[in-house]
Amino acid sequence: VVKRSLALMSPSGRILTKSDLPYDVEAVARIGTRALAIESRTLAGHLVDVGSSIIAGDAFDVAHAATAQSSPQMASNGKVLFAAWRENGAIYGARIDPVTRRHLDGRGILLDSSGGTPAVTAIGDIFLVVYTDTGNLKLRRVDSSGALLDPAPLVITSAPPQAPHIATDGTD
């Protein structure tokens, strides 16, 4: 089911529907006329041409691990995609090239050894990942080269009882 908040719109203004995407979508990020959609059950990525709703190529792994992953979220900085997910209670992230669909960070970047469902956005070339952990709302900043910008997660405040959400206009 394509969730309303994850809907894709073609350049002509047409909303892509479930019939356009034959899998359950958990997260979507768009760069120009392409978008990456992540399946909710398998964390398989699908590259979608939102201008014609053609799925480009076969599905590919967003997370390269033998253990179970869940709760994927994703953002675009206009050049590269960044996905974050839970794996065995830890939070991981990885950059994905939107053209080649190549995973740029091997097994992924360990963002924290524990944490809840992540939320991701981008400000310029920096990706922000927020999540709850042991009663706190935490933040990790990752640059477009995949480097962590802080030596440890930043504690923002005492955590709200539900999963966090984050959004920007890309510049502020």
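Structural data are supplied above this passage.
Residues numbered from 1 in each chain as written. Predicted model: local features only at pLDDT ≥ 70, side-chain atom pairs only at ≥ 80, totals over all residues. Heavy atoms only, no water.

Draft legend 1. Up close: the side chain of Arg95. Examined against the element boundaries, Arg95 turns out to sit in strand β7 (residues 90–96). Relative accessible area serves as the criterion here: at 12%, Arg95 is assigned to the buried category. A polar contact is formed between the side chain of Arg95 and the backbone oxygen of Ser144, at a distance of 3.1 Å. A polar contact is formed between the side chain of Arg95 and the backbone oxygen of Ser145, at a distance of 3.3 Å. Here Arg95 is in contact with Val80, Leu81, Phe82, Arg102, His103, Leu104, Asp105, Asp143, Ser144, Ser145 and Gly146, once residues within four sequence places are set aside. (Helix = DSSP H or I, 4+ residues; strand = E, 2+ residues; numbered from the N terminus. Buried < 20%, exposed > 50% of the residue type's maximum accessible area, 1.4 Å probe, protein only. Polar contact = N/O pair within 3.5 Å; in protein donor to acceptor, adjacent residues only side chain to side chain. Contact = heavy atoms within 4.5 Å.)

Draft legend 2. A look at the pairing of strand β9 (residues 119–123). The buried fraction of β9 amounts to four of the five residues, a majority that puts the element mostly inside the structure. The pairing of β9 with strand β10 (residues 126–133) spans five bridges and is antiparallel. Pairing of Thr121 across the sheet is with Leu128, part of β10. The antiparallel hairpin formed by β9 and β10 contains two residues in its connecting segment, where Gly124 sits at a positive phi of about 60°. (Pairing = 2+ DSSP bridges.)

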